[in-house]
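Summary of the model geometry
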Amino acid sequence: MSSYHKPDEKTLQGLKDVANKLRIHSIKATCASNSGHPTSCCSAAELMSVLFFHVMRYKATDPRNQCNDRFVLSKGHAAPILYAAWAEAGFVKESDLVNLRKIDCDLEGHPTPKLEFVDMATGSLGQGLGAACGMAYTGKNFDKSSYRVYCILGDGECSEGSVWEAMAFASYYKLDNLVAILDVNRLGQSEAAPLKHDMEAYRKRCEAFGWNTYVVDGHDVEELCKAFWQAQQVKDKPTCIVAKTFKGKGLKNIEDLDNWHGKPIPKERVDELLKELQDQIQVPNKTLCPQLPLEDTAPADLSPISLPSPPAYKEGDKIATRRAYGVALAKLGQSSQKVVALDGDTKNSTFSDMFKKAFPDRYIECFIAEQNMVGVAMGCATRDRTVAFASTFAAFLSRAYDQIRMGAISQSNVNLVGSHCGISIGEDGPSQMALEDLAMFRAIPTCTVFYPSDGVSTERAVELAANTKGICFIRTSRPDTKILYSPNEKFEVGVAKVVRESANDHVTVIGAGVTLHEALAAADTLASEGKHIRVIDPFTIKPLDAATILASARATGGQIITVEDHYKEGGLGEAVLSAVGTEPGIVVTRLAVSGVPRSGKPQELLDLFGISAKHIANAVRQTFAN
């Protein structure tokens, strides 16, 4: 092991000077906006100075370069000091810092990827480390490159369970290219953080999670330089640098005092405090520049990904869409090395284990930690390094809803697959039944919601999701269902399929997944009575094919019946209602699950909750009677 060489005095003084410049920039920016978190910035000043101007390797003119070290500011409220660091590095204009939080400026209150130097939006606390884990896993195992990943967390956010999910993940996978820095400044928003300055407790917790841990004075640049160097020498363990800091460090009568969170410095005190900081700067001109990275990472492959062969199902075959997802994912993995899969210990139920068996080096087991799984997937997908598919029971993705909504803010391209949707899973009972997931994902602004109804459409949904920007959600079902489409059927996002129609149709019925098959069974029953209905498979619930639905509704006397294995609120029926709501003369009848369900056989439950073929047929008969 090489021996440590202490930086020379000029370098150390330069790092101290940069720290105080970062404080000055943060105070000026938050004063100009009359909002923000200058005291949270001040505690991290030396951490940022040492990281950005001594430790990290990156191209300051090309922040998203694939070879650069990665940085995640998990304590996103300290955004001004991140912007200040990039101003000192020369990428952000210093004059732009005072436009912080203004409507026409991308230097927002918390970091977002509108800025080239931000990979993941932060601000909902406790999420940065999970994303950093995904970046580090990708660097070590997929890119096999030298870039390292650094993540600064606040001590307050360490109360979030997602932090410890990420700590367990990083240790299990021996992410020695990952360094977490805990900015232990003692104070939270409304009172002290639970451990205050008990640095031994932090050390023991981090070590108990299997991390190489150093406790340092977070305002001593020499100590920080040594700790970061030591972290680079450690193999097979992530490193946590637990830094004792003070909120508002360097600000007289503010440092380490309560009730200064999220408040700009009062105008009457600014000049005095800035002068005191300025007086500590010995070399005002820039003397430190970031190190350049090694050129050992290939540019991102942005080529489209296609299934290597059409779906192999024949008419009359039966397969659950959850199993068809596994088949499709394994096929897609043949086409592109970029495709990776993650799961939360449900791979033998979601059938992502098919991908694991085919490509074990591109599968990440995340265990029962759905929040972290989604965060890791988003980290893997940053800078277009991978096309990530993460799967679990759809019900359990509700645990990760905050990560998902932050993924939209992060402009993340990640694919989430939820199996075991609805009451059709049967005997497992309501805790396992996703009945809110369509509402949940429809509310995400960047999300495309796929709801395939057979094996062919499932394979095409997976293929389309791999090439669709934003978050994609694929809803898969447990029961085996008939193949409806030929292998060469073309599918598109936002284009529905009319799967049954005649010139004599009097009602349009829209189903998806198992309820599409129930609708087709109802159509057969009704046809024997001389009553004809049009049946639509929406394929994507968002965007919804309003044009096809409206055309069908007009052709069938304005009568629409929606039937869904989901609660009435926010699901397929409400999507259809919003699509036709401004059209006169259209009536939508919604069949959906009402109330909390119970265990039972799938068909018994479909009957009990009024979404089976017989209930659809009765609803159609009612419209004929009217």
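Conventions we followed
- Residues numbered from 1 in each chain as written.
- Predicted model: local features only at pLDDT ≥ 70, side-chain atom pairs only at ≥ 80, totals over all residues.
- Heavy atoms only, no water.
- UniProt positions renumbered as here; feature names shortened; annotations may be inferred.
- Axes fitted to C-alpha atoms, helices over the stretch in contact; angles between N-to-C directions.
- Helix = DSSP H or I, 4+ residues; strand = E, 2+ residues; numbered from the N terminus.
- Parallel < 35°, antiparallel > 145°, perpendicular 65-115°, else oblique.
- Contact = heavy atoms within 4.5 Å.
- Nonpolar A, V, L, I, M, F, W, Y, C, P; charged D, E, K, R; others polar.
- Salt bridge = Lys/Arg side-chain N within 4 Å of Asp/Glu carboxyl O.
- Buried < 20%, exposed > 50% of the residue type's maximum accessible area, 1.4 Å probe, protein only.
- Lys, Arg positive; Asp, Glu negative; His and termini not counted.
- Pairing = 2+ DSSP bridges.
- Core = buried A, V, L, I, M, F, W, Y, C linked by side-chain atoms within 4.5 Å.
- Phe/Tyr/Trp six-rings, centres within 6.5 Å; stacked < 30°, edge-to-face > 60°.
- Lys NZ or Arg CZ within 6 Å of the ring centre and 35° of its normal.

In the nomenclature of an unreviewed UniProt entry, the protein chain is known as Transketolase of Betta splendens. In its Subunit (unreviewed entry) section, the UniProt entry covering the protein chain states "Homodimer." Under the UniProt heading Sequence similarities (unreviewed entry), the note attached to the protein chain is "Belongs to the transketolase family."

Let's shift gears to the packing of helix α1 (residues 9-33) against helix α8 (residues 221-233). Where α1 meets α8, the axes come as close as 9 Å, and the angle between the chain directions of the two elements is 105°. Looking at the two axes, α1 sits roughly perpendicular to α8. Residues L12, L15 and K16 of α1 touch α8, and the partners they reach there are V221, E222 and C225. In terms of residue class, the contact of α1 with α8 is built from 4 nonpolar, no polar and 2 charged.

The tally for this structure, following the rule as stated, stands at 31 salt bridges. Ionic pairing is found between R621 and E529, a salt bridge with its closest N-O pair at 2.7 Å. Residue R621 is found in helix α21 (residues 613-625), and its partner E529 is found in the loop between α17 (514-527) and β16 (533-537); the two are separated by 92 residues along the sequence. For R621, a relative accessible area of 27% corresponds to the partly exposed category. A residue is classified by how much of its surface remains accessible, and E529, at 35% relative accessible area, is partly exposed. A salt bridge links E574 to R590, with the shortest nitrogen-to-oxygen separation between them at 3.7 Å. Of this pair, E574 sits in helix α19 (residues 572-580) while R590 sits in strand β19 (residues 587-593), and the two are 16 residues apart along the sequence. Residues joined in a network through salt bridges with shared partners are K6, E9 and E222.

Here we come to the side chain of R269. Residue placement: R269 occurs in helix α9 (residues 267-280). Here R269 is buried and forms no salt bridge, its nearest opposite-charge partner E272 lying at an N-O distance of 4.7 Å.

Attention shifts here to the sheet that holds strand β1 (residues 70-73). Read from one edge to the other, the open sheet built from 5 strands follows the order β1-β2-β3-β5-β4, with strand pairing classed as parallel. Since the sheet does not close on itself, it has two edges, and those belong to β1 and β4 (212-217), each with one partner. When strand polarity is set aside, the average angle formed by the axes of neighbouring strands in this sheet is 15°. Where β4 meets strand β5 (residues 239-244), 6 bridges bridge the pair, whose relative direction is parallel. By the bridge assignment for β5, T213 is matched with C240. Sheet strands in contact with α8 are β2 (149-154), β3 (178-184), β4 and β5, and its direction is about 170° off that of β4.

Attention now moves to helix α14 (residues 401-409). Turning to α14, its buried residues are Q403, I404, M406, G407 and A408. Turning to α14, the residues buried within the fold contact α6 (161-172), α13 (370-381), β10 (414-419), α15 (437-442) and β12 (471-475). Looking at the residues trailing α14, positive phi occurs at Q411, about 55°.

Burial of helix α3 (residues 45-55) is extensive: 10 of the 11 residues sit out of reach of the surface. Of the residues making up α3, those classed as buried are A45, E46, L47, M48, S49, V50, L51, F52, F53 and V55.

Counting residues in each nonpolar core, the largest one holds 81 residues, and the members touching the most others are L129, L178, L342 and L416. Broken down by element, the residue count for this core peaks at 8 residues, all from helix α5 (residues 128-142). When neighbours within four sequence positions are excluded, L178 is seen to be in contact with L129, A132, C133, A136, V149, A170, W211, P238 and T239. If you look at the next biggest cluster of nonpolar residues, it comprises 55 residues, including V18, C41, I81 and A85.

Moving on: the sheet that holds β19. By definition, the strands of a sheet pair up through backbone hydrogen bonds, in either a parallel or an antiparallel sense. In space, the 5 strands of this open sheet follow the order β14-β16-β15-β18-β19, with mixed pairing throughout. Unpaired on one side and paired on the other, β14 (497-500) and β19 mark the two borders of the sheet. Taking the axes of each pair of neighbouring strands and ignoring which way they run, one obtains an average angle of 25° across the sheet. Strands β14, β15 (507-511), β16 and β18 (559-567) of the sheet are contacted by helix α18 (residues 546-555), whose axis makes an angle of about 175° with β16.

Attention shifts here to the packing of aromatic side chains. Summed over all chains, the structure comprises 23 aromatic pairs. Ring geometry for Y4 against W229: centres 5.4 Å apart, planes inclined by 55°, an arrangement best described as tilted. A residue pair is termed long-range when its members are at least 10 positions apart, and Y4 in the segment before α1 and W229 in helix α8 qualify at 225 residues. On the accessibility criterion, Y4 (24% relative accessible area) is partly exposed. A centroid spacing of 4.0 Å and a plane angle of 5° characterise the contact between F441 and F473, whose relative ring orientation is stacked. Taken together, the residues span a long stretch of sequence, with F441 in helix α15 and F473 in strand β12 at a distance of 32 residues. The buried category is assigned to F441, whose relative accessible area is 0%. With a relative accessible area of 0%, F473 lands in the buried category. Every member of this aromatic cluster is reached through a ring pair, and the members are F52, Y58, F71, Y83, W86, F91 and F117. Above the plane of the ring of Y147 lies R70, whose end atom (NZ or CZ) is 3.7 Å from the centre. In this arrangement the basic side chain of R362 is found over the ring face of F359, its NZ or CZ atom lying 4.3 Å from the centre.

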